[in-house]
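# Secondary and tertiary structure notes
Here is how the chains run, residue by residue.
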Amino acid sequence: MTVKERLGSTRLIPVVVMDDAERAVDTAGALLSGGIDVMEITLRTEAGPASIEKAIKAYPNILAGAGTVFSLEKCREAVSRGAAFIVSPGYDPEIVEFCLKNKVAVFPGCVTPTEITGALKAGLDILKFFPADVYGGVKAIKALSGPFPMIKFIPTGGVNLSNLADFLVPQVFAVGGGWLCDRRAVNAGNYGEITRICAQSVELVKKAQTPA
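Below is a short write-up of the structure.

Criteria and thresholds
- Residues numbered from 1 in each chain as written.
- Predicted model: local features only at pLDDT ≥ 70, side-chain atom pairs only at ≥ 80, totals over all residues.
- Heavy atoms only, no water.
- Helix = DSSP H or I, 4+ residues; strand = E, 2+ residues; numbered from the N terminus.
- Rg over C-alpha atoms; globule rule 2.2 N^0.38 Å.
- Buried < 20%, exposed > 50% of the residue type's maximum accessible area, 1.4 Å probe, protein only.
- Axes fitted to C-alpha atoms, helices over the stretch in contact; angles between N-to-C directions.
- Left-handed = near helix turned anticlockwise from the far one by under 90°.
- Contact = heavy atoms within 4.5 Å.
- Nonpolar A, V, L, I, M, F, W, Y, C, P; charged D, E, K, R; others polar.
- 1 Å grid on protein atoms, 1.4 Å probe; cavity = no way out; pocket = protein on both sides within 12 Å on 5 of 7 lines; lining within 4 Å.
- Points joined across faces, edges and corners; volume = space filled by probe spheres on them.
- Salt bridge = Lys/Arg side-chain N within 4 Å of Asp/Glu carboxyl O.
- Phe/Tyr/Trp six-rings, centres within 6.5 Å; stacked < 30°, edge-to-face > 60°.
- Core = buried A, V, L, I, M, F, W, Y, C linked by side-chain atoms within 4.5 Å.
- Polar contact = N/O pair within 3.5 Å; in protein donor to acceptor, adjacent residues only side chain to side chain.
- Disulfide = S-S within 2.5 Å.

### As for the overall build of the protein
Along the protein, the regular secondary structure elements total 10 helices and 8 strands. Relative to the 2.2 N^0.38 estimate, which gives 17 Å for 212 residues, the radius of gyration of the protein is 16 Å and therefore close to what a compact globule would have. With the C-alpha coordinates of the protein rotated into their principal frame, the extents come out at 45 × 45 × 30 Å. In the protein, which comprises 212 residues, the proportion classed as buried is 50%.

### Side note on the packing of helix α2 (residues 24-33) against helix α10 (residues 191-209)
Two numbers describe a pair of packed helices, the interaxial angle and the distance between the axes. For the pair α2 and α10, the least separation of the axes is 7 Å and the interaxial angle reads 35 degrees. Relative to α10, α2 is oriented so that their crossing is right-handed. From α2, D26, T27, A30, L31 and S33 reach across to α10, where they touch Y191, I194, T195 and C198. The class makeup of the residues in the contact of α2 with α10 is 5 nonpolar, 3 polar and 1 charged.

### Comments concerning the layout of surface pockets
In this model, the largest pocket occupies a volume close to 280 Å³. What lines the largest pocket is a set of 18 residues, among which V15, V17, R44, G177 and G178 lie closest to the centre. In terms of residue class, the lining of the largest pocket is made up of 6 nonpolar, 7 polar and 5 charged.

### Brief notes about the pattern of salt bridges
Going through the model one piece at a time under the given rule, you end up with 9 salt bridges. The salt bridge involving D125 is made with K4; its shortest N-O contact spans 3.3 Å. With D125 in the loop between α6 (113-122) and β6 (126-129) and K4 in helix α1 (residues 3-10), this residue pair connects regions lying 121 residues apart in the sequence. On the basis of relative accessible area, K4 is assigned to the partly exposed category, the value being 35%.

### Regarding the packing of aromatic side chains
Tallying each qualifying case throughout the model produces 2 aromatic pairs. Pairing F129 with F153 gives two aromatic rings, centres 5.8 Å apart and planes at 80 degrees, and the pair type is edge-to-face. Placement of the pair is F129 in strand β6 and F153 in strand β7 (residues 152-155), with a sequence separation of 24 residues. The residues F129 and F153 share a single accessibility class, namely buried.

### So, the nonpolar core
Counting residues in hydrophobic clusters, the biggest one holds 74 residues, and the most contacted among them are M39, I86 and I194. It is α10 that contributes the most residues to this core, 6 residues altogether. When residues no more than four places from it in sequence are discounted, the contact partners of I86 are A66, V69, C75, A78, V79, I95, C99, V104, A105, V106 and F107.

### Side note on the side chain of T45
Mapped onto the fold, T45 is located in the loop between β2 (38-42) and α3 (48-58). At 2.4 Å, the side chain of T45 and the backbone oxygen of M18 are in polar contact. Setting aside chain neighbours within four positions, we find T45 in contact with V17, M18, D19 and R183.

### Some points on α2
Within the sequence span of α2, burial applies to A24, T27, A28, G29, A30 and L31. Of the surrounding elements, those touching the buried residues of α2 are β1 (12-16), β2, α3, α9 (183-188) and α10. A positive backbone phi angle near 95 degrees is found at G35, which sits one or two residues after α2.

### A short note on empty space enclosed by the protein
Scanning all chains against the criterion turns up 1 cavity of 30 Å³ or more. Of the volumes computed, that of the largest cavity is approximately 50 Å³. Residue lining of the largest cavity: I13, E40, F85, V87, F107, K128, I154 and T156, and that is the complete set. Its residues placed into classes, the lining of the largest cavity shows 5 nonpolar, 1 polar and 2 charged.

### Brief notes about the state of the cysteines
If you walk through the whole model with that rule in mind, you get 0 disulfides. The thiol of C181 is not disulfide-bonded; the next cysteine sulfur, from C198, is found 6.8 Å away. Judged by its relative accessible area of 1%, C181 falls in the buried class.

Put into structure tokens, the structure is as follows:
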């Protein structure tokens with residue numbers, strides 16, 4: 001399957017913040033044990049790039065990408081470490097152009113009609129919607145899908161286990177968030193908690209996809 005197909009199949013993208021790259025392997029294992037074979041490792045910390053490389057090396061079957069990518073330099077580094085997809089908070093033409101040229105899936109953050117139009121012109125059809133709770137959540141996504149029915153969204157920010165089901169609508173490609181891989185749990189080595197939350201989230205996705 002392609003990167004998009006795998007993300008669309010899982011419909012869950014854990015946003016992972018690593019403070020210690022040595023914990024990347026156990027963190028990836030915890031996600032896999034919970035039924036999720038995808039992880040977006042952010043570049044918010046210096047441990048991010050190395051964590052991507054370590055996770056992929058230990059678990060070749062996991063789809064690891066880089067998040068919070070602000071510059072072309074960081075984008076290049078993440079791809080060189082093995083990142084299969086790039087996620088950025090906003091729309092950066094340089095990053096998008098690089099990814100499209102090198103056939104790397106890219107999901108920039110776009111929340112306004114102007115931003116979405118720019119992304120559409122670049123050839124993108126799946127966009128990050130961040131912060132989802134601040135910019136209107138599911139109601140905003142549905143409204144934007146009126147003039148942009150060809151666009152699917154990946155909402156992040158404000159999504160958690162209690163409201164995940166609300167976001168599992170046709171206009172949403174996948175849902176991302178830190179609730180799937182809590183930073184504190186990672187740093188405490190509480191991998192069982194990560195697995196538990198992932199498993200519960202996977203069940204909610206399955207339930208949403210089951211015909212009534």
